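# Topology and contacts: notes
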There are 2 protein chains.
Amino acid sequence: MRAIGIIGGMGPAATVDLHAKIIAATGAARDQDHLRVLIDSNPALPDRNAALEGAGPSPGPMLGAMAQGLERAGAGVIVMACNTAHAFQGDIEAAIGVPFLSMIDATVDATLTRAPEATHVGVLAATGCLRAGLYQRAFAARGVTALVTQGDAHTRFMDAIYRIKAGDTGRDVRDILRAIAEAQARAGAAAIVAGCTEVPLVLTQEDVAAPFIDSAAALAARVTAFARA
Amino acid sequence: MRAIGIIGGMGPAATVDLHAKIIAATGAARDQDHLRVLIDSNPALPDRNAALEGAGPSPGPMLGAMAQGLERAGAGVIVMACNTAHAFQGDIEAAIGVPFLSMIDATVDATLTRAPEATHVGVLAATGCLRAGLYQRAFAARGVTALVTQGDAHTRFMDAIYRIKAGDTGRDVRDILRAIAEAQARAGAAAIVAGCTEVPLVLTQEDVAAPFIDSAAALAARVTAFARA
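Residues numbered from 1 in each chain as written. Chains lettered and ligands numbered in written order. Predicted model: local features only at pLDDT ≥ 70, side-chain atom pairs only at ≥ 80, totals over all residues. Heavy atoms only, no water.

## Here's the deal with the interface of chain B and chain A
Interfaces are often sized by the accessible area lost when the parts come together. Each side of the interface is counted separately: chain B has 29 residues, and chain A has 29 residues. Here chain B meets chain A over a buried area of about 2,400 Å², counting both sides, of which 52% is carbon and sulfur. Three residues, B:Val16, B:Asp31 and B:Pro43, lead the burial of chain B against chain A; their summed loss comes to 26% of the area buried on that side. On the surface where chain B and chain A come into contact, there are six salt bridges. Put simply, A:Lys165 and B:Asp31 hold a salt bridge, and the shortest N to O gap is 2.7 Å. (Contact = heavy atoms within 4.5 Å. Buried area = accessible area lost by both parts, 1.4 Å probe. Salt bridge = Lys/Arg side-chain N within 4 Å of Asp/Glu carboxyl O.)

## Things to note about the domain arrangement of chain A
Residue and element names in this part refer to chain A. When its domains are assigned, chain A resolves into domain 1 (3-102 + 217-228) and domain 2 (104-215). Here domain 1 and domain 2 have C-alpha centroids that lie 20 Å from each other. Of the residues lining the interface, 22 residues belong to domain 1; the matching set on domain 2 comes to 26 residues. Taken together, the two surfaces of domain 1 and domain 2 that pack against each other cover about 1,700 Å², and 50% of this comes from carbon and sulfur. Its largest share of buried area at the contact with domain 2, domain 1 owes to Asn83, Ser102 and Ala218, together 31% of the area lost on that side. For the pair domain 1 and domain 2, the interface holds two salt bridges. (Domains from an automatic or database assignment.)

## Some remarks on the relation of the copies chain B and chain A
Overlaying chain B on chain A yields an RMSD of 0.0 Å, the required transformation being a rotation through 180 degrees with an accompanying axial translation of 0.0 Å. Such a turn and shift between the copies fits a two-fold axis. Considering only C-alpha atoms, the residue of chain B closest to the rotation axis is B:Ile39, which sits at 2.4 Å. Interface overlap between copies: 100% of the residues of chain B at the interface are likewise at the interface in chain A, consistent with a symmetric, same-surface contact. (Least-squares fit on C-alpha atoms with pLDDT ≥ 70 in both.)

## So, the pairing of strand β4 (residues 120-124) of chain A
Residue and element names in this part refer to chain A. When you tally the buried positions in β4, you get four out of five residues, the bulk of the element. Strand direction decides the pairing type here: β4 and strand β5 (residues 145-148), joined by four bridges, are parallel. Paired with Val123 across the two strands is Val148, which belongs to β5. Of the pairings in the sheet, the one linking β4 to strand β6 (residues 192-194) comprises three bridges and is parallel in character. Within the sheet, the bridge partner assigned to Val123 lies in β6 and is Val193. (Buried < 20%, exposed > 50% of the residue type's maximum accessible area, 1.4 Å probe, protein only. Helix = DSSP H or I, 4+ residues; strand = E, 2+ residues; numbered from the N terminus. Pairing = 2+ DSSP bridges.)

## Quick look at the packing of helix α5 (residues 103-114) of chain A against helix α10 (residues 215-228) of chain A
Residue and element names in this part refer to chain A. For the pair α5 and α10, interaxial distance at closest approach is 8 Å and the crossing angle is 100 degrees. For the element pair α5 / α10, the angle class is roughly perpendicular. Contacts between α5 and α10 involve Met103, Asp105, Ala106, Thr107, Asp109 and Ala110 from the first element and Ser215, Ala216, Ala218, Leu219 and Arg222 from the second. For the contact of α5 with α10, the residue count by class is six nonpolar, two polar and three charged. (Axes fitted to C-alpha atoms, helices over the stretch in contact; angles between N-to-C directions. Parallel < 35°, antiparallel > 145°, perpendicular 65-115°, else oblique. Nonpolar A, V, L, I, M, F, W, Y, C, P; charged D, E, K, R; others polar.)

## Looking at the sheet that holds strand β1 (residues 3-8) of chain B
Taken in spatial order, the six strands make up an open sheet running β3(A)-β1(A)-β2(A)-β2(B)-β1(B)-β3(B), and their pairing is mixed. Two strands close off the open sheet at either side, each with one partner strand: β3 (75-80) of chain A together with β3 (75-80) of chain B. Within the sheet, the average angular offset between the axes of one strand and its neighbour, ignoring direction, is 20 degrees. Looking at chain direction, β1(B) and strand β2 (residues 37-41) of chain B are connected through five bridges and run parallel. Counterpart to B:Ile6 in the pairing with β2(B) is B:Ile39.

## Quick notes on helix α9 (residues 171-186) of chain A
Residues and elements named next belong to chain A. Between its terminal C-alpha atoms α9 stretches 22 Å, which fits the 22 Å expected from 16 residues at 1.5 Å a residue. If you check which residues of α9 are buried, you get Val173, Ile176, Leu177, Ile180, Ala181 and Gln184. Buried residues along α9 cover an arc of 130 degrees about the axis, so they all sit on one side. Looking at α9, the residues exposed on the side facing more than 90 degrees away from the buried face are Arg171 and Arg186. Against β4, β5, α8 (151-165) and β6 lie the buried residues of α9. In the stretch just after α9, Gly188 is the one whose phi turns positive, near 115 degrees. (Expected span 1.5 Å × (residues − 1). Arc of directions from axis to C-beta.)

Written as structure tokens, this is what we have:
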């Protein structure tokens, strides 16, 4: 059994959500049957989106240091509760001697398991994540086209994400995200990917007609299985 | 600003709950305005209740080691997401050079702020916590009598706690806890204390007519204020 280290804080509520999903995926009956989880939820991390737009310092060095700290504390596998920050996965992997499991890879695999015939999928992802091409490249490598938000729709999406980060998980925010997901489905998306960990804090499968893939749940399932193996 | 270290895993869901309550108590609008939180959720910890009944090894040494690890990782204040484990607070404090804030003290203070005229309060706490007299002594020092579960009522209470730990947060479990709280109110309790961190996972102020004090929320408020000071 490996202890799971979570690089978190981007945002804090999404970190809580990933932790809760790891506990649910473990499905233990007693405290003693759970996995050890170590978390560093660090708000001092430089803004990922700003860095990827060339408007701020890279969070890479601090992400590497956080991963090192988690490994030193006993983590045998590291994950990160933020899709966008996976643009700096190389900095993390260079800093540690234990495996890092990618949320992007776990989510793409979960999507193609749920929708194996998909040629197009909708991806709800933040500016930096799109700019870094994380989902577009990962889906393209599997022969699938990622439909992403653009223009006004992307502006509305990011406004919703920042409202969620500020604690607003109300109906209005959910309606904005649902409308964007519905537009992607109308444009041919066979599945909708919550490719930003704030999305599943308000949007769930119940809100979307197409198969809905929660990146936090996909990573929780993968890392729980890995830690137990 | 101090980083908050959480000794957790007793149980894991209660650890998630304390983390979520710290985020809510922080009330930040941006990721960058939150507090750093370090968590060690460690299911390998020996059973607290068994140890306090003389039926198992003490978790004290491991709690001290966990606290040390959190301090080494950067925590400037340590808390613990389990009331019963506060019976081993001495082991923790002996192991660290940073302050440890007691959930018991935070909860007693919050109770007497909410119900300043109380002569009797009801305490919903686990076997080991009662056996160690944590709440009875802390309330007695303030001139207040703690009414605690006994006999069949305590057996029903512990059955509910172990069901919550196994993931059952349904109505049946809530009804059991509500009936016990109502009996304490009828016996003269001016307030009901959720003195076990599993209790607020199912029971809230809405379920109880008397002032209801959630030990996780009380500690979250205290440690958030302390970490920011």
